[in-house]
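# Examining the three-dimensional arrangement
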Amino acid sequence: MSQDRNSIVEDTYAEGFRSIYAEFLVTARDRTWLDHCCHAVTGHASSTILCDSEVGVSQILDGSSPGQETPDGRIGAVIQVHVPRFRKDRETHLGKVLLARISQNVLTCPTARCFNRLDTEKYFKLGRKVAFFGDGHQFRDQRYGSKGWVVPTMGGEFYLTRRFGFSDGVMGGNLWFMSDTEEHSILAAERAAAAVNQCPDSVLTFPGGIASSASKAGSRYSFMIASTFAEYCPTLKSKLGESSRVPEGVQSIMEIVINGSSLSAVAAATYAAIDAALGTPGLKRITAGNYNGRLGKSFIYLNPERQGA
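Each chain carries its own residue numbering, running from 1 in the written order of its sequence. Selection of residues for local features in this predicted model requires a pLDDT of at least 70, selection of side-chain atom pairs for listing and counting requires 80 or more, and totals for whole chains, interfaces and linings are taken over all residues. Side-chain measures were taken over the full set of non-hydrogen atoms in the model, leaving aside hydrogen atoms and water.

## Quick notes on the packing of aromatic side chains
For Phe, Tyr and Trp, rings pair up if their centres lie within 6.5 Å, where Trp contributes its six-membered ring, and each pair is then called stacked (planes under 30 degrees apart), edge-to-face (over 60) or tilted (otherwise). Evaluation of the coordinates by the stated rule reveals 14 aromatic pairs. Arranged with centres 5.9 Å apart and planes meeting at 50°, the rings of Phe 115 and Tyr 159 form a pair that is tilted. Here the residue Phe 115 occupies a position in strand β4 (residues 113–116), and Tyr 159 occupies one in strand β8 (residues 156–161), the gap between them amounting to 44 residues. In this structure, Phe 115 and Tyr 159 share a single accessibility class: buried. Each ring, one from Trp 176 and one from Phe 229, has its centre 5.8 Å from the other, and the planes form 85°; the classification is edge-to-face. Of this pair, Trp 176 sits in strand β9 (residues 164–179) while Phe 229 sits in the loop between β12 (226–228) and α6 (237–240), placing them 53 residues apart in sequence. The two residues Trp 176 and Phe 229 agree in class, both being buried. Members of the aromatic cluster, connected to one another through ring pairs, are Trp 176, Phe 229, Tyr 232 and Tyr 291. Segments assigned H or I by DSSP are reported as helices when at least four residues long, segments assigned E as strands when at least two residues long, and all are numbered from the N terminus. The buried label applies to any residue whose accessible area, calculated with a 1.4 Å probe on protein chains only, is under 20% of its type's maximum; exposed applies above 50%, and partly exposed to all values in between.

Here is the structure:
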């Protein structure tokens, strides 16, 4: 395994950047309705290039097993919502994102409830804002070990906690899987994504956790803030000639992007992903995207020994 790692994993780093993030728990009657809620609340949140945030599922909890408990004993999902720290309005913006997603995608989901997961000094008084939907019939109550708001709905009642905390996180950890075919690059990325999904405190935000469209900052068009990374597009190799950075024999490159609660959490998920992908048929190289520190200063080295240095 170590020989495979040394020959396939490039000695480089993924260039992440700082975020602020909120983390909350949604619970539901069963897995079917939990999945519906998760799909809605994480929708259109793959990349902050044109999305309001980056949102993903960090953990699925069965509700009752040791370490899997939820406040109401039902199946639940831990959701992380990230926005870049470099935004000047980051706190205001994150509050608006949470209000929109919880009120429109959690409150509306049959049997769903919503609980804060971050007990921080700073917080949003979000419960009260969402509760205004009750049109004067909403009320405060203490349920499931927390103080919150109850909103009468046609389906019954919606409960959410009063306060939602937020903290510093990391966005933009990434891995690229270079393979001889599209089938093999997807398989490697799928294995990596499945491993990240088992890591606490980290999330994947693209469809299925995988992006086929790794981007670079900037564009030849002034109205674009990001564009396709042409030097790494296999179909442009002959057109670009010596400018192409696609290795010989590589016909497809898939990417995963990892956000998390800390640099250490993103690094741990990165190493789990690499281990899971190694041995995939047709895998030629595992590398990562970086911009020599121009995007961010949260570096995740693909060699664990360098990360600890």
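## Some details on helix α7 (residues 263–277)
Because each turn of an α-helix spans 3.6 residues, side chains separated by three or four positions end up pointing in the same direction. Look at α7: 21 Å from first C-alpha to last across 15 residues, which is about the 21 Å you get at 1.5 Å a residue. Taken together, the buried positions of α7 are Ala 265, Val 266, Ala 267, Ala 269, Thr 270, Tyr 271, Ala 273, Ile 274 and Ala 277. Positive backbone phi, at 95°, marks Gly 279, one or two positions downstream of α7. Helix span is expected to be 1.5 Å times the residue number reduced by one.

## A few points about a positive patch on the surface
Taken together, Lys 125, Arg 128, Lys 129, Arg 140, Lys 147 and Arg 163 make up a surface patch of like positive charges. Within the fold, Arg 163 resides in the loop between β8 and β9. Put simply, a patch holds well-exposed residues, over 30% relative accessible area, that have no salt bridge, with like charges counted together within 9 Å and Val, Leu, Ile, Met, Phe, Trp or Tyr side chains within 5 Å. Each accessible area value is a Shrake-Rupley result obtained with a 1.4 Å probe; residue values ignore everything except the protein chains displayed when judging cover. Every case where a carboxyl oxygen of Asp or Glu lies within 4 Å of a side-chain nitrogen of Lys or Arg is listed as a salt bridge. Note that His is not counted, nor are the chain ends; the positive residues are Lys and Arg, and the negative ones are Asp and Glu. Lys charges are placed at NZ, Arg charges at CZ, Asp charges at CG and Glu charges at CD.

## Side note on the state of the cysteines
Disulfides are defined as cysteine sulfur pairs within 2.5 Å. Tallied over the full model, the rule gives zero disulfides. The structure places no disulfide on Cys 51, whose sulfur is separated from the nearest cysteine sulfur, that of Cys 38, by 17 Å. Cysteine Cys 109 shares no disulfide, and the gap to the nearest cysteine sulfur, in Cys 37, comes to 4.4 Å. Residue classification places Cys 109 among the buried positions, given a relative accessible area of 7%.

## A look at the domain arrangement of the chain
Marked domain ranges trace back to an automatic or database domain assignment. The domain boundaries assigned to the chain delineate domain 1 (5–15 + 170–306) and domain 2 (19–167). Contacts between residues were defined by any pair of non-hydrogen atoms, one from each residue, lying within 4.5 Å. Residue-level contacts link 18 residues of domain 1 with 17 residues of domain 2. A quick way to say it: buried area is the sum, across both parts, of accessible area lost when two parts are put together, with a 1.4 Å probe. Surface buried jointly by domain 1 and domain 2 totals about 1300 Å² across both partners, of which 57% is contributed by carbon and sulfur atoms. Among the residues of domain 1 in contact with domain 2, Met 171, Val 203 and Thr 205 are the three that bury the most area, contributing 40% of the side total. Our count for the domain 1 to domain 2 interface comes out at zero salt bridges.

## A short note on the side chain of Ser 298
Tracing the backbone shows Ser 298 in strand β15 (residues 298–301). The buried category is assigned to Ser 298, whose relative accessible area is 9%. When residues no more than four places from it in sequence are discounted, the contact partners of Ser 298 are Ala 14, Glu 15, Gly 16, Phe 17, Arg 18, Val 170 and Leu 263.

## A closer look at the packing of helix α2 (residues 31–41) against helix α3 (residues 90–106)
Axis definition: a line fit to C-alpha positions, over the contact stretch in the case of helices; interaxial angles, taken between N-to-C directions, run 0 to 180 degrees. Closest axis-to-axis distance for the α2/α3 pair is 9 Å, and the angle between their directions is 145°. The crossing of α2 and α3 is right-handed. Contact with α2, carried on its side by Cys 37, Ala 40 and Val 41, involves Arg 101, Asn 105 and Val 106 of α3 and no other residues of that element. Ten residues, namely Ala, Val, Leu, Ile, Met, Phe, Trp, Tyr, Cys and Pro, are considered nonpolar, four, namely Asp, Glu, Lys and Arg, are considered charged, and the remaining ones, Gly among them, are considered polar. For the contact of α2 with α3, a count of residues per class yields four nonpolar, one polar and one charged. Handedness of a helix crossing follows the sense of rotation of the near helix relative to the far helix, less than a right angle counterclockwise being left-handed and clockwise being right-handed.

## Some points on the pairing of strand β3 (residues 76–84)
Burial runs high along β3: nine of the nine residues are buried. Of the two faces of β3, both are covered, the one formed by Gly 76, Val 78, Gln 80, His 82 and Pro 84 as well as the one formed by Ala 77, Ile 79, Val 81 and Val 83. Here a strand pair is declared whenever DSSP counts at least two bridges between the two strands. As judged from the nine bridges shared by strand β1 (residues 13–27) and β3, these two strands associate in the antiparallel manner. Residue pairing in the sheet places Phe 24 in a bridge with Ile 79 of β3. In this sheet, β3 lies alongside strand β2 (residues 54–61) in antiparallel orientation, the contact comprising seven bridges. Across the sheet, residue Val 57 finds its bridge partner in β3, namely Ile 79.

## Concerning the packing of helix α5 (residues 182–196) against α7
Their axes nearest at 8 Å, the elements α5 and α7 cross at an angle of 140°. Here α7 runs oblique to α5, going by the angle between their axes. Where α5 crosses over α7, the two elements pack in a sense that is right-handed. Across the interface between the two elements, Ala 188, Arg 191, Ala 192, Ala 195 and Val 196 of α5 pack against Ala 269, Ala 272, Ala 273, Ala 276 and Ala 277 of α7. What sets the label is the angle itself: under 35 degrees gives roughly parallel, over 145 gives roughly antiparallel, 65 to 115 gives roughly perpendicular, and the rest give oblique.

## Looking at unusual backbone geometry
Positive phi, normally seen in glycine, also occurs at His 44, with a value near 45°. Mapped onto the fold, His 44 is located in the loop between α2 and β2. A relative accessible area of 61% means that His 44 is categorised as exposed. The backbone of Tyr 144 sits at a positive phi, close to 55°, despite the residue not being glycine. By relative accessible area, which is 31% here, Tyr 144 ends up partly exposed.

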